[in-house]
Structures are given as structure tokens and as C-alpha cells.
Amino acid sequence: MTALHQLTLAEIHQGLAQKDFSSREITQHLLDRIRSLDKTYNCFITLDKKGALEAADAADSLLAKGSEGALLGVPFAHKDIFCTNGIRTSCGSKMLDNFVPPYDATVVAKLKNQGVVMLGKTNMDEFAMGSSNETSFYGAVKNPWDTNRVPGGSSGGSAAAIAARLTPAATGTDTGGSIRQPAALCGITGLKPTYGRVSRYGMIAFASSLDQGGPMARTAEDAAILLNAMAGYDNKDSTCTDIPVPDYTAELTQPLKGLRIGLPREYFDERLNEDMAQTVHCALAELEKLGATLIDVDLPNSALSVPAYYVIAPAEASSNLSRFDGVRYGYRCNDPKDLEDLYTRTRSEGFGDEVKRRILIGTYALSAGYYDAYYRKAQQIRRLINQDFVSAFEQVDIIAGPTSPSPAFKFGSKNNDPVSMYLEDIYTIAVNLAGLPGMSIPAGIVDKMPVGLQLVGNYFAEAKLLNVAHQYQTVTDWHKASPID
Amino acid sequence: MQWETVIGLEVHVQLSTQSKIFSGSSIAFGAEPNTQANAVDLAMPGTLPVANEQAFHKAIMFGLAIDAAIEKKSAFERKNYFYPDLPKGYQTTQLEKPIVGPGHIDIEVGENSTVKRIRIHHAHLEEDAGKSLHEDFHGMSGIDLNRAGTPLIEIVSEPDMSSSEEAIKFLKKVHGIVTYLGISDGDMSQGSLRCDANVSVRPVGEKKLGTRAEIKNLNSFRFIEKAIHIEVARQIELIEDGGTVVQETRLYDSEKNETRSMRSKEEANDYRYFPCPDLLPVVIEDSVIEALRKKIPELPEAKLQRFQSEYALSYYDASLLTELRSVADYFETTTKTCADAKLSANWIIGDLSAFLNKQGIPIEHSPVSANQLADLITRIKDQTISGKIAKQVFEAMCNGEGSADEIIESKGLKQLSDGGAIEAMVDDVIAKSAAQVEQYQAAEPDKQKKLLGYFVGQVMKASKGKANPGQVNKILAEKLAK
Amino acid sequence: MSITPDEIIATAKLAKLQVDDKDISEVTERISAILELVDQMQAIDTSEIQPMANVLDAVQYLRPDTIVEPDNKILRRDQFQQIAPATDEGLYLVPKVIE
């Protein structure tokens, strides 16, 4: 029999239903694994052993009574950006090191209602600002494929935990690539839904107009099962869209015959290293074999996505992070001598360097005299980028390309050069600016490290993305490659 | 040099919704500190705003009442600054597309009550801040966020007023409109209506505006008047002494009756406005605007005209009665029941107002209802009691001793109209007043009128005020003529 | 557009952040590099383009005006204030606010 930690969500569900093992058994097994292995990987910031075992027992008694549900009793982890009632939610920051929210994020509540067993909260770049997990107050997460390399970020803890078989699946959030890029670098499957598909309530805001939560798992099928539970309208989030949620598992096995896949010329230029390009082309050839047609498309403004993003995201963040002032919760400096001192020292001591840097950029971009040149300009560029995708989707059903320009890099190689770090997200950022759904699936190995194929869909076409990804995963094994026994 | 004052007002009006503008917390006044502050109001991480429909509807009603254009697609911006009573570190407000566009409010100025039009630049929706309590908490200030998120409209006028009197008149108009519309309780003592004044001076005849100072914290009509006076005097003195006015925010200190610079506010006035990404543009359908238009009641302006024409009231009486919708409603109910507008007006403006003012209670909570007052007036009209006795009955009614009829009955205050009984009392008085009778009969007819008062007084005294004064006069005149 | 150390200090003041003297040149250098990247936007003429705030051009859902509150508001306040740095008598405490 396959070891419990190697099972996918779908397999765990089946095993529980068939009484092959109990929820408590698999939960305890994973908690034991985390205890022995996570000293190395540092995937978790907070574990909830007691809560997990209680939830597992509750699930077992429901299962015994014949309850079903694809997620009932299934172990799981939340990125530490989602507020969890009674469980510390740090957002990877010293600022919230002591923050125990008395409420659940909508996504957390929805998954809880499905009977998910939460093991703990995963490590992340501080306030989701980073592409390597090196900005976490709790130390960087190590890539299970090579512990000298980064896991990607900001959802690096979730991605690495899934790759290291510490949890079968987890939540992530994606503002500029934070689900897809770590998924690619750790060799797992990650989906960023359409902006507005998943509620942002209780998900600590980085850049409100870009942030979107989504599932991270080992397979497209698992991602579909999770998205079924996560997606949907929430009257607590004004930006959440009120359109019906389809069953994302229903169309997984649709044949790909006639599928038109767009390849943006801009994503295959000289910036993409040759091995990466070759791997991506191999993956595309598989899709062709499944009946898809490859068509070149243009996204002429894609080079502007990183510049526009580094105005919009920091500007929104500078405002979103103003609430961390040491008054109502979180870190507060010792013995403030006056109000100004309270604010300045609390924020200077509580935030890390990258967060402070982005707050400064955002504050500067919004300050008097610069608004039009920066923020307004960036929102105009955003429309151009959006229009590029709208035109492309007139010719093709999905767009495909690399998720990142290279495989996982070594620790310390980019964190002294923010600009090169920012360019790590060159293929993912435009998707956030346009609000489209995007996925990364394992598509090969370069330099002994996994690399991802990115699939981008039209608005609310998550089912189509999952269908393509699933079909690819039925004919390839990259998603089964494991860095660990 | 002759100076001219230029004033523009920014009036903040708390809207009388049930819940806050972006959360489901109650906005009721006076709750225990921070018990009406939920996760959204406290700006807990990850929480998000959802806009209140009624806040928009109430703002739109105000716009319709001042003849303003309603913005069909309005949006929210964030105004970023740090302050302990501002939990998110920004105020959610409207800048580019406020819900209410340009409009106007007319005031009457001068002795002839000439109409002067004050232009409204716009009115926008925003959230109120919490409160900093400065009592000493171990050398710290205490923050109560119950008020944070209360919906406000900020009404921004053009600099069209030229005296504190005009500013007060304008503010009273605003107060009348919002209370008539029922979109605010307008209670200044609880901060439901607050005002900042932009004040500048310029030589008479000069077209260009002088540099203005913004005076904050004006929370009563009296303070607004005093603050403007003192600020105008300060600016004129400054300029005449060779100085220049600095554009700044000044705080009115009512205890010292002075305005002083708020430098702390000045330092951080780069508010970095940008569109709030957590809120989407609000689209208002024409059908909604039309439905709200139908809900607009008769406004103070129109009511003032009608009271003069329909009830033949003086401008003065009508304006007193229409200042508050509650008073106007009270008047109309009283009048309808007793069918005497003049008496109703007199009683409401006179005894009732005096009593309510003394007790400090609003007319809505008057112990004497409009119908009860009407019953009292009816008893004066049907001569059951005299006007003088009515005052005594009214006092008892105010003390909760019962209805007019019950009090008249239990105290035996019914007017004596029995001719025989009055005649007997008259005879008795005449018999006891030989000297006065002699004097009366010797007097010229026009003097007699005056002397008759003595006899009337004596008879009224004998009847304990209950004798019908008309009959007493008539019988006395007859008997003394003999 | 490059940024000067003075502008960094002024911006930090607005953001209530402190930049130590020893770090100022490095911070300035890094932020200048980022602004240089950002300035690639300026090459494009966008004068005719409407800024895009929401990708779906969606409109705001308005909430009915109803009060949603727990039965025990004091208990809820106490829960919230348990995680607060300093409170007294139900109030959040801060160094004296001077107007």
C-alpha cells in the first residue's frame, strides 16, 4: 500500500470512505512527519495538533455515521495569511507574532464546514511580499528538492509542505504569482482563480485589487475538489462576484480535441533560459498530442506589467498596512514616549525591510504631485494589459507558457537586489493585473529541480484550466515526482 | 479700510441609519465604549467594508432637496492619515465622484428678507471617526470606536456667505432640510451636525479671495458665530498690522474664545487619496432616484409659505413654527383638532415652548400632546374656561395631572356663566364699594372704562377667577349705570 | 525619476516609518532602482486610456441597513480587547493625544 503521506486528496477521501484508515490515523501520521521533518523545511509557523486531532475524531464519528463529503476528515493546511479563529495568524510578520484572531476568514469557515482537518498554518513571505520566502519573520522555507534553494513565494510554506508530503493540500494566495511561482518551484499544482471568485474576507490584505486566494495541491483533480469548497459569493466582500459556482470536477475528463492554446511570443523570448524553453515546449507537445492546437499570440504590453504592478501593489499595500499601528492588536513598541513615537517605532520594529521598502514606494507613488505619473498611469497600463488578453482570448481558449523564468534559485542570490527578485514574477504578474485565472502544473525537471507550465484562462474559466491540467496529468507523471519517499 | 468677510462652510451631518456605513454595527449614541465596534470597525486584519444602501438613499434625498445633480456612478476614495480614532489609518470618503453634485440653498438676508442663493459645491458620503477621550487614563488617552463608521454626508458650500449671521442662517437651513427629510436627527449636542468654516477677508471691492483659515470644531450655533467673529477680527488686525494670513487649520477654543493654529494637523496633510480597491463604483438607477423623489416631504421653505397663506400667520410666527418639522407637525395636529390656528400658534410659541425650553425637552417628548393642547384650546373657545384659567390648567397638564377636561372638573375651574350667580356677586361688590361707585358715576365715560376694571377684578376675585369675564363686564356696566 | 534621501525621509515620515541615518543611502539606492523599473511605464502614451480600478468593471452591491450584532456586546468587546496591547475601562489606550 502507498504510504499515507503520498496519497492525494481524492485518494484520502476514498481511503476514509472505505475505512482503509481513519482520519485520526492519517492526521497523526502527518503530524508525526511534520515533527520529524519540518525542522529542516520550516514549512509551518504554527501547528494545531490538539485542534487537528479533535477535528479528525469529529470527522471519524461523522464518517462512521455514513456522512460523505469530499473533504470530510481530510488533513489540510492554511497559509498563515488566512485568519483562523483562536489560532495565531502571523502573516509571516513580527507585527502579528502575537495575533490570535477571534474570527475565521470566509475561506477557512467554508473549508471547516466541509470537515477539513487543519494541521496548522504555513510559512510565507512577510505580508506576502516576496518571491523566495526569505522575507518571513520566521525564517525562510527550504525547498524539499534542494534545501539550498528557495521554495518560491510568497506561498512557499504551502508549496514546500505539499512537496515534502507534510500535507496533501493547502491554501495559498496570489497577488503577483504567489501561488503559481512556488507551485512551479516545488513541483506541485496551484491555481489562482479569477479575481472575485474566492472571498477575500479574513485574508490579510496585501494589494486588494490583485489578491486572490486559491488551492495548492498535488493534482488538478485535488485543486478542483478544493475550489468547489472555496469559491463562491460572500456578502462580506464587495469585490466577490455573485455568479454560480460550477462543479469543477465535472469537466476534468473532457477531451481536449479542438482546444486552441495561445503561446504569447513575449513569454518565449531570450529572457527564458533554453532548458526551460525546451521543457515548456515538450509539455505543449503533449497537449498537442491530446488534440490541442498551438497558436502564437501577442501580449504586446506584457513588458509593462512588472512596472505597473510595482506601483499598484505597493500603493495599495501602503494604505492596507496603515492599520498596523500598535493600538488595537499586534506588536507595540516598548514605552512609547508620545503618539508619534508609538506609530513610528511600532511600525519600524514590527515590519521587515521588504515590507517597509514597499510601503515607502507606495507612499511615494501616492503622494502629492506623483499620483498621476504613477498610480493613475499604472491603472491605465493595467487596462492595456487587460485588453491584450481580451484580444488574445478572441483567438484562443487558453494561454500557456512558463510559470517562472528559471527553476528555484539559491538562497541569498537575489534578496540583495529587489529588481531581479521582482522580475522573477515576470510571467505571472500580468495575470493578476488582468484578474484572470492562472494555474501552474509540474511540467518537467531542469537542473534537478521541478519547473512549471503556466495555463491562463478567460474570466471564470477555471473549469477549462482544470480540465486541461487534468488531461495533461493523465498522460504525464511530472506531478507524481516526489523529492522524498 | 473697509473689509469684507468671505465664508464657506463644510457641514458634517450624521445620517440616521440603523447600522454603520460599512458594517452591521449599530450607530446608537451612548453605548458602553467599544461595544458597538465589530471586527470591521476595529480594522481587524482581513476585514472588508460593504456599503449601506440607506446611507446612499439618505444622501440622494438631500441632493434632491437642494436641487442638485445625483451622481449615477459614484465611487469611494481613501484619505490616508494616522490618528488613533481612525482605525484603518485611512478614512473612506468620496473625492472624484461624490454622490451629490452642485446644488443650492437659499437664505433670507437683511431687513427685507431678500433671498440670497448659497451655492453647494457638492456633498459626499464618508465615515465618521471614533473618539479620543482625553481624561487621564494613567497618563494616556482612551479611544472609543463606537462612532467610527457612522455614516456622514459632508456638505461643502461655495464661499458665498459674507457674515456670521448668514453662516448661521445657512446652517439652520441645512438643519431644517435634513431633519425635515428625516435623514438625520440634527442633534448638535451629540455631534450629529458639525461644521468647519473657511474664513477669509478682503478689502471691499476686491474680487480676489483672501487667504483663508479653516476653523474646526464648531459644534453649536453660538460657537460658530463667536468663532467667525473672532477669526475675522484676528485676520483684519493681522493684515492691518502689516502681516499676512497663513492658510492653515485653526481650532476654536470656546473657553478662551480664540482660534489657534493646529500645527499638528498641518504636518500630515498629504492625504494620498486613491480609489478604494475594496469598494466598487456605486451605480444608482433612475428608478431609485424617482422613488426617493416621491418620498421627499414638504420642506421648510414651502411650509413657511403655506403656513402664512393657509393659516393667516405672520412671517414671524410661521418661521418659528416651521424651523423644526416636529414643531410644525405639532402645530398642524393641534390646529386641525381645535380649528383655531391663531390660538394654536400662540400657545405653542408661548406657554408650550417656554415650558419645553425650561425643561430642556424636545417637542416630540412633550408631556402635553398636540391633541391634548387642542382640547384645552377648545375649552377656551367654547368659554368653558377663560384664557387665564387655561394657563393654570396647562400647568397641571404639564405635571401629568390629566387631560384638560379632567383637570377642569377635578379642580372645579369651570367658568361661571350663570347670570343669576354673577349678578349676586356683582351686587355684593357694589354694596361693599360705595366710594368707588360714587367716583365711577361721577367720572367721564372714557374714564369710567378704566374704573370698571376695579369692579371686574373684585368680582373675579370673589368667583376665584371662574366668572365669565364678558358677562361680569356686561352686568357691572348695566348695574353701575343706574 | 530618481528619489533623493530627503524625499525618502519625508516619505518615511508620512508612512510613520523610521529610516536610520546609516541605512539611508542604501534605501535610497534600492528604491531608486525600483522607480527606474517603474518608469518604463512613462514611455507609453496613455492619455486616451481610462484607468482600470476593477478588472471586471463590476459595481458595488449595497447592503440592507440592518444591525448585525452579537447578543453579548460586552463579551465581544472583551474578546477583542484581550488581544489589544493596552486597554482600560473598555477603551484602547494610547499616549496622550494632543490637538
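Residues numbered from 1 in each chain as written. Chains lettered and ligands numbered in written order. Predicted model: local features only at pLDDT ≥ 70, side-chain atom pairs only at ≥ 80, totals over all residues. Heavy atoms only, no water.

## Some details on the interface of chain A and chain C
Quite often, the size of an interface is put as the accessible area lost when its parts meet.
(1) Moving on: Listed as interface residues are 65 residues of chain A and, on the opposing side, 50 residues of chain C.
(2) Moving on: In this assembly, chain A packs against chain C so that about 5100 Å² is buried in total across both faces, 68% of it on carbon and sulfur atoms.
(3) Moving on: It is L360(A), Y364(A) and R383(A) that lose the most area in chain A upon contact with chain C, and together they represent 14% of the buried surface on that side.
(4) Moving on: Inspection of the chain A/chain C interface yields one salt bridge.
(5) Moving on: Applying the counting criterion to the chain A and chain C interface returns 16 residue pairs in polar contact (both at pLDDT 80 or more).
(6) Moving on: Of all the elements in the fold, those that place two or more residues in the side of chain A that touches chain C are helix 9 (305–320), helix 10 (339–350), helix 11 (353–366), helix 12 (372–395), helix 13 (418–422) and helix 14 (429–434) of chain A.
(7) Moving on: It is helix 12 of chain A that contributes the most residues to the side of chain A that touches chain C, 12 residues altogether.
(8) Moving on: Looking at the side of chain A that touches chain C, its residues break down into 37 nonpolar, 16 polar and 12 charged. (Contact = heavy atoms within 4.5 Å. Buried area = accessible area lost by both parts, 1.4 Å probe. Salt bridge = Lys/Arg side-chain N within 4 Å of Asp/Glu carboxyl O. Polar contact = N/O pair within 3.5 Å; in protein donor to acceptor, adjacent residues only side chain to side chain. Helix = DSSP H or I, 4+ residues; strand = E, 2+ residues; numbered from the N terminus. Nonpolar A, V, L, I, M, F, W, Y, C, P; charged D, E, K, R; others polar.)

## Section: helix 7 (residues 315–322) of chain B
All names here are of chain B.
(1) Moving on: By the burial criterion, the buried members of helix 7 are D317, A318, L321 and T322. Down the axis of helix 7, the buried side of the element spans an arc of 120°, and every buried residue falls inside it.
(2) Moving on: Where helix 7 is buried, its residues contact helix 2 (164–181), helix 6 (300–311), helix 8 (325–338) and helix 9 (341–359). (Buried < 20%, exposed > 50% of the residue type's maximum accessible area, 1.4 Å probe, protein only. Arc of directions from axis to C-beta.)

## Quick notes on the interface of chain C and chain B
(1) Moving on: Every contact between the two is made by 34 residues of chain C and, on the other side, 53 residues of chain B.
(2) Moving on: Across the interface of chain C and chain B, roughly 3900 Å² is buried in total on both sides, 61% from carbon and sulfur atoms.
(3) Moving on: Taken together, the connections running from chain C to chain B amount to zero salt bridges.
(4) Moving on: At the junction of chain C with chain B, the criterion picks out 20 residue pairs in polar contact (both at pLDDT 80 or more).
(5) Moving on: Put simply, the parts of the chain that give the side of chain C that touches chain B at least two residues each are helix 3 (73–82) and strand 2 (91–95) of chain C.
(6) Moving on: If you tally residues by element for the side of chain C that touches chain B, the top one is helix 3 of chain C, at six residues.
(7) Moving on: Here the residues of the side of chain C that touches chain B are counted per class, giving 18 nonpolar, five polar and 11 charged.
(8) Moving on: Both strand 8 (residues 140–144) of chain B and strand 2 of chain C contribute to a ladder of four bridges, which runs antiparallel. Note that in strand 2 of chain C the partner of I143(B) across the bridge is Y92(C). (Pairing = 2+ DSSP bridges.)

## Focus on the domain arrangement of chain B
(1) Moving on: By domain assignment, chain B separates into domain 1 (3–291), domain 2 (298–410) and domain 3 (419–481).
(2) Moving on: Between domain 2 of chain B and domain 3 of chain B, the C-alpha centre-to-centre distance is 33 Å. (Domains from an automatic or database assignment.)

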